[in-house]
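Geometric and topological summary
Listed here are the chains, written in short residue letters.
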Amino acid sequence: MALQGPEEVGEQVEEPEDLDDQDASSISPAEEITLPPGPGGDEEPGEAFLLPWDRFSAWLHCICVVGFDLELGQAVEVKPKTSICYLSFPDSNSGCLGDTQFCFRFRQGSNRKSSLGCFLENTDRDMLPLFLMFRLIAVCHYYGYVYFRQVRDKSLKRGYFQKSLVLISKLPYVTFFHSLLKIMAPEYFEKQEPCLEAACNDVDRWPMPHPGRVLTLPIMGVVIKVTARLRFYSDQTKIITGVASDSLVSIVLPTIHEVDLFRCFHPVFFHIQMLWELVLLGEALVVMAPSPAESSETVLALVSCISPLRYCSDFRPYFTIHDSEFKEYTTRTQAPPSVILGVTNPFFAKTLQHWPHIIRIGDMKQAGEVAKQMKVKKLKNLKTLDSKPGVYTAYKPYLNKDEEIIKQLQKGVQQKRPSAAQNAILRRYFLELTQSFIIPLERYVASLMPLQKSISPWKSPPQLRPFVQQDFMKTLEKAGPQLTSRLKGDWIGLYRHFLKSPNFDGWFRSRKREMTQKLEALHLEALCEEDLQQRIQKHTEVEVVDLVLKLKDKLSQAEREQLPVRPGTLSKLRAHIEAVILTLPEDLQGILHKPPTS
């Protein structure tokens, strides 16, 4: 699926149609032919009925080739919906020579007819099943994975060749797609479109990306073996390259947060604890970096630092002045939104000067040196071009600085400790800090769950008790983070601020949904333990039919929301429903056995 287009224009994305208006059928032809099973192991029952390009669409939305003409520059007027072409190139001041990889994230078109954003705004999120909620949130954004090449070419008038190969996907698998591009891009730059067509055909033979399964993915003569995980981070990533015939490329597939934390935070690692607080509280943050690679990695590291807590606000690993949300995010008529932006254009130093928190980072290649930036800098000292690396903010952390982790990391730099070890130390520190913060909340929310003995099969499931902030605060005195963390400071103030943040809202909605589903599951299990045939003997036919309809609704809900019931519960419920139906007259049996019409 090589997407072609002329390169005579300044900056041109080579794609056939508007990204915002494409649906699955317009991404690729959907002729009804039988596909051979994918080579990724046992095929799922539903995969036998997949149409051509369904597998491709499960992994990738499209592949773009973006060219740039140095003579014309950015002479073409590009509409917001095609801002992907600007996101696929470094800003002119970045000076990226050779091959560069980075990623960006962009919102689905606001004018999309079936906008998922509008759906979420007009839907009670608490009523959505957890898996569906996460899926809907995820598909509101696309991720772009870029392999950019800029090399000298004497055959061109200006002496440079510039082009990007971009994979657009809804999956946040950064390490995987960057590894995939390392295989695809060099081949493409050498052999052009035919190898992209072959690659697309390979992807369309892949199994669907099922979490938890080991998948074998052949691509352009190389085999990639991955394990898809449902985690916000993974402890390690293995990449073993080799020839397909005698070895496999083995990649543990992480989610978006698999980045080298220490390398990303090294320029500002004296302030890592404060940055953790800012991300936890959903504060507006902008990262100013010298290149898109450093910008995107730092933004992903920030999002990662509160794992396993899910970051629920927007984030843009690489953001340009041509982005469709530029005006929305740079306006001074209202407070900056809860978003983390990664930028490289010096123009943003002036445009985003009113933002409360700005991180300026230098060249990450100097990560072997001991960092010297100590003090938090005032925002008024932020200059457009000559500002030094550091954190520019008036924010005062709630917690006292943890000098121990700083000394440990400094010692590692002095002793030339391997980067992987430094990364593991920092990731463990953030994990323990986040867990210490979230455990009191988990403990309190668990206390809102009704007792199991209060569940009656013949009454509606009991409701969760409401979250009362004052009651939660009272629990912190004896069961607060001081039980698991050595840090001192204003934990109460930090919790008060967090309870107003998007991250708390997202976390509590998730926990509330899980607990509500657990109550529904316990109610269903209680129903299955009842002797329904004996009970219906005292009821009229109308009441029995009403019972059957309600039981069918419960069964549909359990299947649709994947309620966490014990094995065999749903089979037992189906048997109960069938037994009750058989006690009714034949005419009613026929009606109740008919499948529901949609």
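Remember, it's a predicted structure, so these values are computed and weren't measured experimentally.

Let us now look at the overall build of the chain. Within the chain, the regular secondary structure consists of 21 helices and 13 strands. The buried share of the chain, taken over its 598 residues, is 51%. Pairs at least 24 residues apart make up 74% of the contacts formed inside the chain by residues separated by at least 6 positions. Carbon and sulfur atoms make up 53% of the accessible area of the chain, which totals about 29400 Å².

Here we take up the side chain of Ser304. Within the element layout of this structure, Ser304 appears in helix 10 (residues 292–304). Accessibility expressed as a relative area gives 3% for Ser304, which makes it buried. Here the side chain of Ser304 touches Arg427 through a polar contact of 3.4 Å, side chain to side chain.

This part covers the pattern of salt bridges. If charged atoms from side chains of opposite charge come close, those side chains can pair. The full count for this structure, using the stated rule, is 20 salt bridges. The shortest N-O distance in the salt bridge between Glu442 and Arg511 comes to 2.8 Å. Of this pair, Glu442 sits in helix 14 (residues 419–446) while Arg511 sits in helix 17 (residues 502–528), and the two are 69 residues apart along the sequence. Among the residues examined, Arg511 registers a relative accessible area of 16% and is labelled buried. Its salt-bridge partner being Lys572, residue Glu529 comes within 3.4 Å of it at the nearest N-O pair. Taken together, the residues Glu529 in the loop between helix 17 and helix 18 (532–536) and Lys572 in helix 20 (residues 569–581) connect sequence positions 43 residues apart.

Below, the discussion takes up the sheet that holds strand 12 (residues 357–360). Within the open sheet, the five strands sit side by side as 10-11-9-12-13. Their pairing is mixed. The open sheet has two edge strands with one neighbour each: strand 10 (314–316) and strand 13 (390–393). Across the sheet, the mean angle separating the axes of adjacent strands is 15° when strand polarity is ignored. Pairing of strand 9 (residues 285–288) with strand 12, which is carried by four bridges, proceeds in the parallel orientation.

Now for the packing of aromatic side chains. Applying the stated criterion to the full structure yields 35 aromatic pairs. The rings of Trp276, Phe437, Tyr444, Phe467, Phe472, Tyr495, Phe498, Phe504, Trp507 and Phe508 are connected pair by pair, giving a single aromatic cluster. A cation over a ring is seen here: Arg105 above Phe315, with NZ or CZ 4.0 Å from the ring centre. The ring of Trp458 carries Arg535 above its face, with NZ or CZ at 4.0 Å from the centroid.

The linkage connecting Ser307 with the following residue, Pro308, adopts the cis geometry, with an omega of 10°. Mapped onto the fold, Pro308 is located in the loop between helix 10 and strand 10. At Gln192, a position not held by glycine, the phi torsion is positive, near 65°. Notably, Lys416 is not glycine yet its phi reads approximately 55°, a positive angle. Along the chain, Lys416 falls in the loop between helix 13 (403–414) and helix 14.

Side chains that are nonpolar tend, in soluble globular proteins, to be buried together. With 105 residues, the main nonpolar core has Phe176, Phe265, Ile272, Trp276, Phe437, Leu441 and Phe467 as its most contacted residues. Counting residues domain by domain, this core receives three or more from each of domain 1 (54–109 + 127–197) and domain 2 (260–514). Val548, Leu555, Leu584 and Leu592 belong to the second-largest nonpolar core, a separate cluster that totals 22 residues.

This part is about helix 10. Every α-helix carries 3.6 residues per turn, so stepping three or four residues along brings you back to the same face. Taking 1.5 Å per residue, 13 residues should reach 18 Å; helix 10 reaches 18 Å between its end C-alpha atoms and fits that length. Among the 13 residues in helix 10, twelve count as buried, and that is most of the element.

Relative orientation and spacing of two packed helices are given, respectively, by the angle between their axes and the distance between those axes. The interhelical angle for the contact between helix 15 (residues 469–479) and helix 16 (residues 491–498), taken along N-to-C directions, is 150°, at an axis separation of 11 Å. As far as their axial angle goes, helix 16 and helix 15 are roughly antiparallel. Taken as a pair, helix 15 and helix 16 cross one another with a handedness that is right-handed. Counted together, Gln469, Phe472, Met473 and Leu476 of helix 15 and Ile492, Tyr495 and Arg496 of helix 16 form the full contact between these two elements. Residues belonging to the contact of helix 15 with helix 16 are distributed by class as follows: five nonpolar, one polar and one charged.

A few words now on the packing of helix 6 (residues 174–191) against helix 7 (residues 193–203). One can describe the packing of helix 6 onto helix 7 by two numbers: an axis separation of 7 Å at closest approach and a directional angle of 145°. On helix 7, the residues touching Met184, Glu187, Tyr188 and Lys191 of helix 6 are Glu193, Pro194, Cys195, Leu196 and Ala199. The class makeup of the residues in the contact of helix 6 with helix 7 is six nonpolar, no polar and three charged.

With respect to the helices, strands and loops of the structure, Ser501 is situated in the loop between helix 16 and helix 17. Once residues within four sequence positions are removed from consideration, Ser501 is found in contact with Leu280 and Leu281.

In this section: the confidence of the model for the chain. Fine structural detail should not be taken from predicted coordinates in areas where pLDDT scores are low. Here the chain averages 78 in pLDDT, while 74% of its residues score no lower than 70. Considering each helix and strand of the chain separately, the mean pLDDT is smallest for helix 1 (residues 24–27), with a value of 28, and largest for helix 16, with 97. Low pLDDT, under 50, characterises residues 110–138; the predicted model gives this stretch 42 contacts beyond four residues in sequence or across chains. Low pLDDT, under 50, characterises residues 230–247; the predicted model gives this stretch 40 contacts beyond four residues in sequence or across chains.

With that settled, consider the pairing of strand 5 (residues 160–169). Among the ten residues that make up strand 5, eight are buried, leaving the element largely enclosed by the rest of the structure. Sheet analysis places strand 2 (residues 62–68) next to strand 5, joined by six bridges and oriented antiparallel. Residue Val66 lies in a different strand from strand 5, and its bridge partner there is Ser164.

Right, let's get into the environment of Asn345. Counting through the fold element by element, Asn345 comes out in the loop between strand 11 (339–343) and helix 12 (347–351). Overall, the relative accessible area of 19% leaves Asn345 in the buried class. Each C-alpha atom, one on Asn345 and one on Pro292, is 9.8 Å from the other, the two residues being 53 residues apart in sequence.

Thresholds, definitions, all that
Residues numbered from 1 in each chain as written. Predicted model: local features only at pLDDT ≥ 70, side-chain atom pairs only at ≥ 80, totals over all residues. Heavy atoms only, no water. Helix = DSSP H or I, 4+ residues; strand = E, 2+ residues; numbered from the N terminus. Buried < 20%, exposed > 50% of the residue type's maximum accessible area, 1.4 Å probe, protein only. Contact = heavy atoms within 4.5 Å. Areas by Shrake-Rupley, 256 points an atom, 1.4 Å probe, with all protein chains shown as cover. Polar contact = N/O pair within 3.5 Å; in protein donor to acceptor, adjacent residues only side chain to side chain. Salt bridge = Lys/Arg side-chain N within 4 Å of Asp/Glu carboxyl O. Pairing = 2+ DSSP bridges. Axes fitted to C-alpha atoms, helices over the stretch in contact; angles between N-to-C directions. Phe/Tyr/Trp six-rings, centres within 6.5 Å; stacked < 30°, edge-to-face > 60°. Lys NZ or Arg CZ within 6 Å of the ring centre and 35° of its normal. Core = buried A, V, L, I, M, F, W, Y, C linked by side-chain atoms within 4.5 Å. Domains from an automatic or database assignment. Expected span 1.5 Å × (residues − 1). Parallel < 35°, antiparallel > 145°, perpendicular 65-115°, else oblique. Left-handed = near helix turned anticlockwise from the far one by under 90°. Nonpolar A, V, L, I, M, F, W, Y, C, P; charged D, E, K, R; others polar. pLDDT = per-residue confidence, 0-100.

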